[in-house]
Each structure stands twice: as structure tokens, then as C-alpha cells.
Amino acid sequence: MADAAQRKTVVLLSMGYDSLSTWHQLGRPSAVHFDVGSRYAAAEKARYERLRASFPQLLPVQDLRWLGDKEQDDAWVPLRNLLMTVQAAALGFNDIVMSAPADWAADKRLMFTLTATLAMRVAQPGGGYRVRRPFSHWTKARLIAATPTALLEEFAYSCYQGEEVPCGRCTACGRAAIAHLAAGRKPPTKPRPGLSFREFTDLRRGESNGGRLGERARMHPGALPYLPLRGWELLRAWNVYRKS
Ligand SMILES: [Zn+2]
């Protein structure tokens, strides 16, 4: 197929652990970062700019700051991924890569990538567009384990509070900590000592229940409860935590 010969890949690089790892697994192709005007946008953007200084295949930051006003309490922004996907394609790419391991969000699921692909192919026949999530069957822990520590330590950012030093209390920090422990890596923020197993697994949901309720409400009908890790990974993380 002519499409395959002209495949132009771009990774949507939020600078979280999942997207940085996805970019690395694919051999570090072109990538693009969107400033979505969120609480944590400045911290992410600063890291992207530093990475871009070493990797010229990274495109300039795209300005979607007006979306910041639409951000909800649990950091959800309606239609954000659809906007970013279409804009990345319009920048001259036909292979749009999202990172979404076991994600709960409706706009990161298979139905989203299939229909976004279809919409672009209808809108521009012959463009060979494809939106995909090549590591959707991987967990966050597996992605982290397959990525050089230095790349993640130096450039990854995953905290909803947006301070330069991650807060260690929000959902994003909790998930990152558990995934690192499961991957046998030093977590970016250390869970406080003395947690019960229940409290430990609840780190994935953060201290405020806003995120928890928001995520539940947006889960795909019929989907299993949110599970960012396999059961054995969670147990491994718990065992590392208990011994530390
Ligand atoms: Zn945090």
C-alpha cells in the first residue's frame, strides 16, 4: 500500500510516564506537545522544551491554552484528545500515536482511535490516516520498566498540582509511585509509611474523591473497574513498599 511507504509518525507527548515511554519504545520519532493551559501545563512544557533541545524531531509546542478554562475539578478537559489528534494530523502526519495503557478515559479508548481514524480518512481520502495506541495492552509499570531510568527521571512529569516538585498526594502521583514500585524502580514520590493494603491501592485514586467520582462516571459502560496494573504487579508494588 502506498500509505505505508509514506507513513509519517508523530507521538502526542504529554511528558507523562506513558507518553515518554511510548515515544522511546517506537524509536523516538517525531513528537508534539500541546500546552492545554492546565494547572500542570507549565511543568510539562518546561520538560518538553528541554527534551526538544536534544531532539530536533520534536515539533514546537502547540498552543491550546484556551482549553485551560474548560478543565474540570478532576483534570478532565472535554474533547481535548480529539482536538490534539486532529491538529497533529493537520501538521503533516498520518500516523498519530497516543499513549493509553489501560486508560479509563472515553477519548483514549479503541472506539475513539477507530472513529477518529475514520473521520480523517473520510475528510481527506488518500491521506492514509491512522490513530493508534500501540501499547494499549501494556501497563504503566511495564512501560516504565522498558524505558531508561534517566529519560524518565530527567523529563517525565506526572502531578495534577503542577508544582515543580510533584506533590505525592494526587491521583497522578499515586499511580506513578505504585507503577514504579511494580517496575522495580525508585518512585518519584515515596508513599508515606504505615499504609494498609487498602490505603496503598487507594493511592491510585488520590486523596480527594473528586477524581474518583469523575472517573467512575466517565467509565465506559460495562467496563471493568479501573485497573492501571495487573494484580500481580500491584502485589509486587505492595511487597516492595512493605519492605522499604
Ligand atoms: Zn501530585
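Structural data are supplied above this passage.
Quick summary incoming for the structure in this document.

Scoring rules and cut-offs
Residues numbered from 1 in each chain as written. Predicted model: local features only at pLDDT ≥ 70, side-chain atom pairs only at ≥ 80, totals over all residues. Heavy atoms only, no water. Helix = DSSP H or I, 4+ residues; strand = E, 2+ residues; numbered from the N terminus. Buried < 20%, exposed > 50% of the residue type's maximum accessible area, 1.4 Å probe, protein only. Donors = N, O, S within 2.8 Å, 3.2 Å for Na, K, Ca; no water. Tetrahedral: all angles 85-135°; square planar, octahedral: opposite > 155°, others 65-115°. Axes fitted to C-alpha atoms, helices over the stretch in contact; angles between N-to-C directions. Parallel < 35°, antiparallel > 145°, perpendicular 65-115°, else oblique. Contact = heavy atoms within 4.5 Å. Nonpolar A, V, L, I, M, F, W, Y, C, P; charged D, E, K, R; others polar. 1 Å grid on protein atoms, 1.4 Å probe; cavity = no way out; pocket = protein on both sides within 12 Å on 5 of 7 lines; lining within 4 Å. Points joined across faces, edges and corners; volume = space filled by probe spheres on them.

**With respect to unusual backbone geometry**
The phi angle of most residues is negative, glycine excepted, and most peptide bonds adopt the trans form.
Okay, step 1: Despite not being glycine, Met15 shows a phi value in the positive range, around 85 degrees.
Okay, step 2: By the secondary structure assignment, Met15 is in the loop between strand S1 (9-12) and helix H2 (17-25).
Okay, step 3: Met15 gets classed as buried once you look at its relative accessible area, which sits at 0%.
Okay, step 4: Non-glycine residue Leu79 carries a positive phi angle of around 65 degrees.
Okay, step 5: Checked against the element boundaries, Leu79 lands in the loop between strand S4 (62-63) and helix H4 (80-90).
Okay, step 6: Among the residues examined, Leu79 registers a relative accessible area of 58% and is labelled exposed.

**A word on the coordination of the zinc ion**
Okay, step 1: Ligation of the zinc ion by protein atoms is provided by Cys159 (SG), Cys167 (SG), Cys170 (SG) and Cys173 (SG), these donors lying 2.3 Å from the ion.
Okay, step 2: Between the four donor atoms coordinating the zinc ion, the angles at the centre fall across 103 to 117 degrees, so the site counts as tetrahedral.
Okay, step 3: Spacing between the donor residues of the zinc ion along their common chain follows C-x7-C-x2-C-x2-C.
Okay, step 4: Residue classification places Cys170 among the buried residues on the basis of a relative accessible area of 9%.

**Some points on the packing of helix H8 (residues 171-182) against helix H11 (residues 231-243)**
Okay, step 1: Packing of H8 against H11 leaves a shortest axis separation of 7 Å and a crossing angle of 90 degrees. Classified by the angle between their axes, H8 and H11 sit roughly perpendicular to one another. Contact residues: Ile178, Leu181 and Ala182 in H8; Glu233, Leu234, Arg236, Ala237, Val240 and Tyr241 in H11.
Okay, step 2: Of the residues in the contact of H8 with H11, the class split is seven nonpolar, no polar and two charged.

**Side note on the layout of surface pockets**
Okay, step 1: For the second largest pocket, the calculated volume is near 320 Å³.
Okay, step 2: As for the second largest pocket, its lining consists of 19 residues, and the residues nearest its centre are Tyr17, Leu152, Glu153, Ala156 and Pro188.
Okay, step 3: Elements that contribute at least two residues to the lining of the second largest pocket include exactly helix H7 (149-155) and H8.
Okay, step 4: Of the residues contributing to the lining of the second largest pocket, the split by class is nine nonpolar, four polar and six charged.

**Some details on empty space enclosed by the protein**
Okay, step 1: Applying the stated rule across the entire model yields two cavities of 30 Å³ or more.
Okay, step 2: Lining the second largest cavity, in full, are Gly168, Cys173, Gly174, Ala177, Thr189, Lys190, Pro191 and Leu203.
Okay, step 3: Residue composition of the lining of the second largest cavity, by class: four nonpolar, three polar and one charged.

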